[in-house]
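# Topology and contacts: notes
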Amino acid sequence: MKKLLLLLIIFSITSCKTKVNTATPSAKKTGLIAEKAMVVSARKEASDIGLAVLKKGGNAFDAMIATEMALAVVYPYAGNLGGGGFMVYRKADGQTGTLDYREKAPLLSTKDMYQDENGEVISHLSKVGGMAVGVPGTVAGIFAVHEKFGSMPMAEILEPVIALARNGYVVTANQEASLGRYRENFVRVNRDSIFYSKNFAEGDTIRNLALARTLERIAENGRDEFYNGPTGEKIIAYLQRHGGIMSLQDLREYQSFWRDPIHVKYNNLNVISMAPPSSGGIVLGQILKMIEGFPLEKYGHNSVEMIQVMTEAERRAYADRSFYLGDPDFVDIPVEVLLSDKYLNGRMDNFSFSKATPSSEMEHGAITAKESMETTHYSIVDQFGNAVAATTTLNGAYGSKLYVEELGFFLNNEMDDFSAKPGVPNMFGLIGAEANSIAPGKKMLSSMTPTIVEKKGKLWLVLGSPGGSTIITSVLQTILNVEEYNMSMQEAVDAPRFHHQWLPDEILFEPNAFAPDVLNTLRIKGYHINEGESTIIGKVDAIRVLPDGKLEGGADRRGDDTAAGF
């Protein structure tokens with residue numbers, strides 16, 4: 001009997017061990033998988049139109065134009081004709097570059113235009129109404145892309161976008177809430193009701209006929225329609241009725257710029273991102289190089305140690321951002337030094353795992369600016385192997401809130417991204433210095449970080465995000481989630497995020513997403529925790545090239561974002 005009992009125990013133990021050892025690990029959550037091409041954007045309609053252009057034989061640059069303009073139709077929150085943005089590209093042959101179609105300050109701008117007679121900042125002037133509007137760059141941007149890389153006629157590219165504006169798109173729950181939240185502001189700033197101040201509800205169809213007509217004129221008459229034609233004249237007339245200082249000369253003189261990208265090595269990755277006047281590439285590169293020597297994988301995802309290392313690197317990089325970065329056509333930026341090993345190796349010397357480094361003790365580094373959350377990003381890979389990462393914005397939600405009824409679109413409030421007064425934070429808490437002060441014709445500093453990543457010399461990731469000052473850290477964490485923690489593209493995009501930007505001296509966490517013991521340990525070490533109830537840190541839209549050459553989309557769960565592919 002004893003022998004029988006012993007045999008049963010041994011059999012039971014053996015069975016348990018066998019069961020544990022042969023258990024199949026849970027499958028990864030993956031996004032849409034496509035064989036040849038993919039578009040990921042903030043709205044399904046925009047992704048579908050971009051993909052339709054690819055299916056017709058267009059390339060990633062044709063699809064960029066279509067997606068950008070479709071977002072202007074269906075996502076007026078950030079998609080735009082009246083704003084600007086940045087694009088990073090990688091051609092199939094490995095050639096890389098960027099396009100800067102950022103807005104700029106009108107020629108009548110002055111350094112102290114938002115200060116009263118006592119030198120105090122009148123903050124609302126740079127946020128709403130005519131004085132907040134920078135010279136738009138989006139239309140110039142799409143025509144610059146088309147001239148250099150386009151393979152289809154502009155009229156053919158814009159045809160489905162015009163049809164979308166005319167036939168309409170369906171309001172989502174998120175869009176209903178957004179329009180409702182700003183309805184009173186629309187009426188107040190425009191001094192009257194506007195098209196988007198109507199009570200649109202989820203499931204309604206919005207047909208923007210004025211925008212359809214504007215797009216038709218642009219398709220027919222080209223860039224000049226906007227910058228030297230009737231559409232531009234209507235913009236200026238509207239702005240002047242609302243206290244703006246922009247002139248027809250501002251529109252006529254606007255230029256987009258092709259710029260060299262920022263290249264940063266991290267492990268076996270080559271990270272290709274946006275150069276100034278975006279701070280994205282430099283700050284992202286600084287953080288990556290400061291954390292490269294730490295064993296992040298060993299620490300574990302969103303562990304105390306991982307969060308500490310990331311936070312302290314972010315603290316130092318954002319301190320540098322506030323002092324050194326601005327429009328490279330107006331200020332000298334020590335790019336090579338800021339990204340050099342010699343400089344960055346010493347930036348983490350005073351970091352200790354035992355306690356936080358107070359931001360009050362952290363200035364910019366010695367060398368021998370809360371920006372808008374309401375941006376939007378899209379990523380494209382075409383069937384030829386070309387890749388585009390583009391981020392576009394009006395700055396704040398619906399920009400300045402000024403809506404040109406006759407033209408069907410909102411105008412930006414990008415002037416708030418300048419330093420209205422060095423040392424005074426903007427609407428999103430970012431501190432700026434002299435490098436980002438206002439000057440006529442100058443472009444304001446941005447955090448937009450459209451990024452392409454190569455792995456072992458081949459295209460690997462295409463990504464970017466909205467989120468103002470949180471854009472950079474959202475892109476950073478998404479890259480690390482795939483590289484260090486072996487997540488799928490969708491898992492990497494969906495994972496909880498945190499953010500630090502030097503000032504204010506706090507770590508911003510997505511709510512109810514981090515272990516309480518992790519947050520408590522960080523508090524004990526002296527970190528200030530902000531777990532806002534409705535905080536969204538970025539909405540990353542990304543594409544990953546899988547080992548077999550297929551594409552995986554990562555459309556952020558935090559919005560209506562959608563991947564489309566074939």
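This is a predicted model, so every value here is computed, not measured.

## Describing the layout of surface pockets
Remark: the empty space left among the atoms is shown by a probe the size of a water molecule rolled over them. The space that makes up the second largest pocket amounts to roughly 230 Å³. Lys-455, Lys-456, Lys-458, Leu-459, Trp-460, Arg-544, Val-545, Leu-546, Pro-547 and Gly-549 together form the lining of the second largest pocket. Of all elements in the fold, only β15 (458-464) and β19 (541-545) reach the threshold of two or more residues within the lining of the second largest pocket. Looking at the lining of the second largest pocket, the element that brings in the most residues is β15, giving 3 residues. Tallied by class, residues from the lining of the second largest pocket come to 5 nonpolar, 1 polar and 4 charged.

## Concerning the sheet that holds strand β9 (residues 269-273)
Taking strand neighbours across the sheet as the criterion, the 7 strands line up as β1-β20-β19-β15-β14-β9-β8 in an open arrangement whose pairing is antiparallel. Two strands lie at the open edges of the sheet, namely β1 (33-34) and β8 (262-266), each paired on one side alone. Relative to strand β20 (residues 551-555), β1 is paired through 2 bridges, and the arrangement is antiparallel. The residue bridging Ala-34 from the neighbouring strand is Leu-551, located in β20. Set on the sheet, helix α11 (residues 280-291) makes contact with β8, β9 and β14 (451-455); between it and β8 the angle comes to about 15°. Sheet strands in contact with helix α16 (residues 471-483) are β8, β9, β14, β15 and β19, and its direction is about 140° off that of β15.

## Quick notes on the sheet that holds strand β16 (residues 498-499)
The strand order across the open sheet formed by 3 strands is β16-β17-β18, and the pairing between neighbours is mixed. Either end of the sheet is taken by a strand with one partner, and the two such strands are β16 and β18 (529-530). Summarising the sheet, β16 and strand β17 (residues 507-509) pair through 2 bridges and their orientation is antiparallel. Paired with Phe-498 across the bridge in β17 is Phe-509.

## Observations concerning the pattern of salt bridges
Within this structure, the stated rule accounts for 26 salt bridges. The residue Asp-556 makes a salt bridge to Arg-497 at a minimum N-O spacing of 2.9 Å. Here the residue Asp-556 occupies a position in the loop between β20 and β21 (562-565), and Arg-497 occupies one in the loop between α17 (489-494) and β16, the gap between them amounting to 59 residues. Accessibility assignment for this pair places Asp-556 and Arg-497 in one class, buried. Here the salt bridges share partners, and the residues they tie into one network are Asp-100, Arg-259, Asp-329 and Lys-443.

## Focus: the pairing of β8
The two faces of the sheet receive side chains in turn, since in a regular strand these alternate between them. Burial along β8 is one-sided: the residues Ile-262, Val-264 and Tyr-266 are buried and none of His-263 and Lys-265 is. Note that β8 and β9 share 5 bridges and pair antiparallel. Looking at β9, one finds that Tyr-266 is bridged to Leu-269.

## Considering unusual backbone geometry
When glycine is set aside, most residues are seen to have a negative phi, and most peptide bonds are trans. The omega torsion across Pro-276 and Pro-277 is 20°, close enough to zero to call that bond cis. As for its position among the elements, Pro-277 is in the loop between β9 and α11. Cis peptide bonds are those with omega within 30 degrees of zero, and the linkage from Leu-503 to Pro-504 qualifies with 0°. Of note in this structure, Asn-302 is not a glycine but carries a positive phi near 55°. Structurally, Asn-302 can be placed in the loop between α12 (296-299) and α13 (304-324). Its relative accessible area of 11% is what places Asn-302 among the buried residues.

## Focus: the nonpolar core
Core analysis: the largest hydrophobic core is formed by 85 residues, its most contacted members being Met-64, Val-73, Leu-81, Met-87, Tyr-196, Ile-380 and Val-388. For Met-64, the residues in contact, after removing those within four places along its chain, are Met-87, Tyr-101, Val-145, Tyr-378, Ile-380 and Val-388. Judged by nonpolar contacts, the second largest core, of 84 residues, contains Val-309, Ala-319, Leu-325 and Ala-495.

## What to know about the confidence of the model for the chain
The predicted structure's coordinates, where accompanied by low pLDDT, should not be read in detail. Averaged over all residues, the pLDDT of the chain equals 92, while 91% of them reach at least 70. This stretch, residues 1-25, has a pLDDT under 50; its non-local contacts, to residues over four places away or in other chains, come to 0 contacts.

## Things to note about helix α4 (residues 138-149)
Between its first and last C-alpha, α4 extends 16 Å over 12 residues, near the 16 Å set by a 1.5 Å rise per residue. Within α4, 9 of the 12 residues are buried, which leaves the element mostly enclosed by the surrounding structure. Those residues of α4 not exposed but buried are Thr-138, Val-139, Ala-140, Gly-141, Ile-142, Phe-143, Ala-144, Val-145 and Phe-149.

## Structural notes on the packing of aromatic side chains
The description of an aromatic ring pair uses the distance of the two centres, along with the angle that the planes make with each other. Going through the model one piece at a time under the given rule, you end up with 28 aromatic pairs. Pairing Phe-149 with Trp-258 gives two aromatic rings, centres 5.8 Å apart and planes at 90°, and the pair type is edge-to-face. Of the two residues, Phe-149 is situated in helix α4 and Trp-258 in strand β7 (residues 257-259); the sequence distance between them amounts to 109 residues. With centroids separated by 6.4 Å and ring planes inclined at 80°, the aromatic side chains of Phe-294 and Phe-353 adopt a geometry described as edge-to-face. With Phe-294 in the loop between α11 and α12 and Phe-353 in the loop between α15 (341-345) and β10 (375-381), this pair connects stretches of sequence that are 59 residues apart. Between Arg-223 and the ring centre of Tyr-227, over which it is positioned, the NZ or CZ distance is 4.5 Å. It is Lys-455 that lies over the ring of Trp-460; its NZ or CZ is 4.5 Å from the centre.

## Regarding the pairing of β15
Taken across its 7 residues, β15 has 6 buried, putting it largely inside the fold. In this sheet, β15 lies alongside β14 in antiparallel orientation, the contact comprising 5 bridges. Residue Glu-454 lies in a different strand from β15, and its bridge partner there is Leu-459. Once β14 ends, the chain turns through 2 residues before running back antiparallel as β15, passing Lys-456 with a positive phi of about 50°. Two elements, β15 and β19, share 4 bridges in a ladder whose sense is antiparallel. Counterpart to Leu-461 in the pairing with β19 is Arg-544.

What counts, and where the lines are drawn
- Residues numbered from 1 in each chain as written.
- Predicted model: local features only at pLDDT ≥ 70, side-chain atom pairs only at ≥ 80, totals over all residues.
- Heavy atoms only, no water.
- 1 Å grid on protein atoms, 1.4 Å probe; cavity = no way out; pocket = protein on both sides within 12 Å on 5 of 7 lines; lining within 4 Å.
- Points joined across faces, edges and corners; volume = space filled by probe spheres on them.
- Helix = DSSP H or I, 4+ residues; strand = E, 2+ residues; numbered from the N terminus.
- Nonpolar A, V, L, I, M, F, W, Y, C, P; charged D, E, K, R; others polar.
- Pairing = 2+ DSSP bridges.
- Contact = heavy atoms within 4.5 Å.
- Axes fitted to C-alpha atoms, helices over the stretch in contact; angles between N-to-C directions.
- Salt bridge = Lys/Arg side-chain N within 4 Å of Asp/Glu carboxyl O.
- Buried < 20%, exposed > 50% of the residue type's maximum accessible area, 1.4 Å probe, protein only.
- Core = buried A, V, L, I, M, F, W, Y, C linked by side-chain atoms within 4.5 Å.
- pLDDT = per-residue confidence, 0-100.
- Expected span 1.5 Å × (residues − 1).
- Phe/Tyr/Trp six-rings, centres within 6.5 Å; stacked < 30°, edge-to-face > 60°.
- Lys NZ or Arg CZ within 6 Å of the ring centre and 35° of its normal.

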